[in-house]
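Here are the chains, one letter per residue:
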Amino acid sequence: MRGPLIINDPVYGFTRVPRGLLTEIIAHSCFQRLGRIRQLGMSTCVYPGAQHTRKQHSIGAFHLMQEALRHLQEKGHFIFDSEIEAVEAAILLHDVGHGPFSHVLEKTFIKGITHEDISLLIMNRMNEQLHGGLSLAINIFENKYPKRFLHELICSQLDVDRLDYLCRDSFFCGVREGNIGADRIIEMLDIVDDKLVVDAKGLYSVENYLMSRRMMYWQVYLHKTAVAAEEVLRSALRRAKYLMRNGKDLFASPSLYFFLVQEIPNNEPNWLDYYIDLEDNDIMSALKVWMKSDDKILAMLCSDFINRRLFKVDVYAEAIPEGEEERLKQELSKQLELPLEDMDYFVTWRKVQKELYSATANGIGILYPDGEVKDLIDVSNIVRSDIAGLSDEKFYVFRQRME
């Protein structure tokens with residue numbers, strides 16, 4: 001029998017993938033598509049090194065899952081080989097439903113369906129092609145399997161998905177503060193009453209993880225320039241969608257064309273086929289052509305995006321001052337010599353927020369030598385009960401750059 005597939009990862013080094021179901025998943029076209037979708041979307045506007053892909057992240061999360069399972073087994077927790085293969089398959093596919101440019105498409109073309117929902121749809125389709133080989137992985141992914149800790153390894157407040165994207169994103173962005181010591185946290189994992197817990201010796205590592213995650217959100221994921229780039233892209237796609245649905249013919253790949261003219265969800269049975277074909281390159285190719293459109297609004301927005309002439313951003317700690325949005329629209333309408341009703345493409349706003357630790361979701365349990373498990377809120381001086389559920393909150397107002 002051939003040996004394992006060996007992948008050299010820039011963050012962790014060599015990762016070994018056993019032959020069989022797992023290598024079939026990696027070879028599958030739906031997984032390979034993730035290599036053509038960047039992990040951080042528009043963060044490359046701020047951090048040019050952030051060119052890594054969803055495929056790299058999925059393989060990295062798989063590596064950390066292997067390590068976590070090995071440590072749990074060494075601590076005496078019995079896990080069947082079939083369960084190991086299934087949870088490793090689930091983590092490989094946890095992001096298979098992501099579209100181009102991170103979450104932009106979810107808010108532009110698809111209403112009421114998350115990338116997690118789409119991941120499950122794709123996993124079910126792949127399961128048919130793999131003759132039921134993913135059935136157990138899907139049960140774990142949906143949290144329907146009796147061993148709940150397996151799902152927590154995939155999705156919780158301390159899962160291998162988050163551990164990898166923080167390590168990987170900080171590595172490629174060059175943001176050293178995002179280094180969370182994933183090895184230390186994984187070494188401290190244990191299971192009590194079918195729940196993942198962290199040995200008390202790992203308390204400071206968990207606190208560092210939460211603080212690093214908070215910093216990464218505000219310094220990378222929700223950086224005002226990256227969010228401004230998303231807003232330009234979203235406005236360009238909204239304009240293209242409006243034009244196409246009002247009779248104008250625009251260049252687009254078949255998959256992008258479908259989403260420009262169709263509202264999803266609808267009764268079109270093949271929309272998932274088009275979604276699976278949609279990648280970063282479909283969007284970029286269209287934007288480059290649309291730069292020369294005879295529609296002034298579309299051409300301007302596409303040129304802004306391609307040439308990194310992004311919206312200006314005003315940041316407010318509280319609600320946007322009354323009348324500010326309307327004032328900006330009227331001002332830009334005169335400067336651009338365009339109707340006021342079209343200014344929604346050039347003046348937008350977004351409320352962004354992130355909490356340090358969720359007080360309502362399943363918490364992070366800290367295991368003490370006497371066997372008692374306490375929630376992180378009750379033992380941490382950083383994640384205290386009076387602030388745990390509070391969110392950092394900012395209001396971004398975006399407007400077309402005129403100078």
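Note that the structure is a prediction, hence the values are computed from the model and not measured. (Residues numbered from 1 in each chain as written. Predicted model: local features only at pLDDT ≥ 70, side-chain atom pairs only at ≥ 80, totals over all residues. Heavy atoms only, no water.)

A. Here's a closer look at the overall build of the protein chain. When its secondary structure is counted, the protein chain shows 18 helices and 9 strands. In summary, the protein chain has a C-alpha radius of gyration of 23 Å against a globular reference of 22 Å for 403 residues, a match within 12%. Overall size of the protein chain, expressed as C-alpha extent along the three principal axes, is 70 × 50 × 35 Å. Charge-centre separation for the protein chain: the mean point of 48 positive side chains lies 5 Å from the mean point of 60 negative side chains. (Helix = DSSP H or I, 4+ residues; strand = E, 2+ residues; numbered from the N terminus. Rg over C-alpha atoms; globule rule 2.2 N^0.38 Å. Lys, Arg positive; Asp, Glu negative; His and termini not counted. Charge placed at Lys NZ, Arg CZ, Asp CG, Glu CD.)

B. The environment of Leu 233, seen in detail. Structurally, Leu 233 can be placed in helix α12 (residues 224-244). When the C-alpha positions of Leu 233 and Met 42 are compared, they lie 9.4 Å apart, and in sequence the two are 191 residues distant. Apart from the residues lying within four places of it in its own chain, the contact partners of Leu 233 are Phe 101, Val 104, Ile 283, Leu 287 and Phe 305. (Contact = heavy atoms within 4.5 Å.)

C. Highlighting the packing of helix α3 (residues 54-74) against helix α4 (residues 81-92). α4 packs onto α3 with a crossing angle of 150 degrees between their chain directions and a minimal axis gap of 8 Å. As far as their axial angle goes, α4 and α3 are roughly antiparallel. Our pair here, α3 against α4, has a crossing hand that is right-handed. From α3, Ser 58, Ile 59, Ala 61, Phe 62, Met 65, Gln 66, Leu 69 and Gln 73 reach across to α4, where they touch Ile 84, Val 87, Glu 88, Ile 91 and Leu 92. Partitioned by chemical class, the residues of the contact of α3 with α4 number 9 nonpolar, 3 polar and 1 charged. (Axes fitted to C-alpha atoms, helices over the stretch in contact; angles between N-to-C directions. Parallel < 35°, antiparallel > 145°, perpendicular 65-115°, else oblique. Left-handed = near helix turned anticlockwise from the far one by under 90°. Nonpolar A, V, L, I, M, F, W, Y, C, P; charged D, E, K, R; others polar.)

D. Expanded view of the sheet that holds strand β7 (residues 365-367). Spatially, 4 strands are ordered β3-β4-β7-β8 in an open sheet, and the strand pairing comes out mixed. Edge positions in the sheet fall to β3 (189-192) and β8 (373-375), since each has one partner strand and no second. Across the sheet, the axes of successive neighbouring strands diverge by a mean angle of 45 degrees, strand direction being ignored. By the bridge criterion, 4 bridges tie β3 to strand β4 (residues 195-199) in an arrangement that is antiparallel. Within β4, the residue paired with Ile 191 across the bridge is Leu 196. (Pairing = 2+ DSSP bridges.)

E. Looking closely at the UniProt feature "domain: HD/PDEase" (unreviewed entry) in the protein chain. Within the UniProt annotation, "domain: HD/PDEase" (unreviewed entry) is assigned to residues 50-175. Along residues 50-175 the backbone is 64% helical and 0% strand, and the end-to-end C-alpha distance reaches 11 Å. (UniProt positions renumbered as here; feature names shortened; annotations may be inferred.)

F. A look at helix α16 (residues 296-306). With respect to burial, α16 is a largely interior element, 8 of its 11 residues being buried. Regarding α16, the residues found buried are Ile 297, Leu 298, Ala 299, Met 300, Leu 301, Cys 302, Asp 304 and Phe 305. Buried residues in α16 make contact with α12, α15 (280-290) and α17 (324-336). Just downstream of α16 lies Arg 308, where phi reads positive at about 55 degrees. (Buried < 20%, exposed > 50% of the residue type's maximum accessible area, 1.4 Å probe, protein only.)

G. Focus on the pattern of salt bridges. This model, assessed by the stated rule, comprises 24 salt bridges. The salt bridge partner of Lys 147 is Glu 83, with a shortest N-O separation of 2.9 Å. Taken together, the residues span a long stretch of sequence, with Lys 147 in the loop between α7 (135-141) and α8 (148-154) and Glu 83 in helix α4 at a distance of 64 residues. What makes Lys 147 partly exposed here is its relative accessible area of 21%. Among the ionic pairs, Asp 159 bridges to Arg 162, the shortest N-O distance being 3.8 Å. One network of salt bridges, in which partners are shared, links Glu 230, Glu 231, Arg 234 and Arg 350. (Salt bridge = Lys/Arg side-chain N within 4 Å of Asp/Glu carboxyl O.)

H. Spotlight on α12. Taking 1.5 Å per residue as the helical rise, α12 with its 21 residues ought to reach 30 Å, and the 30 Å between its terminal C-alpha atoms agrees with that figure. For α12, the buried fraction is high: 17 of the 21 residues fall into the buried class. (Expected span 1.5 Å × (residues − 1).)

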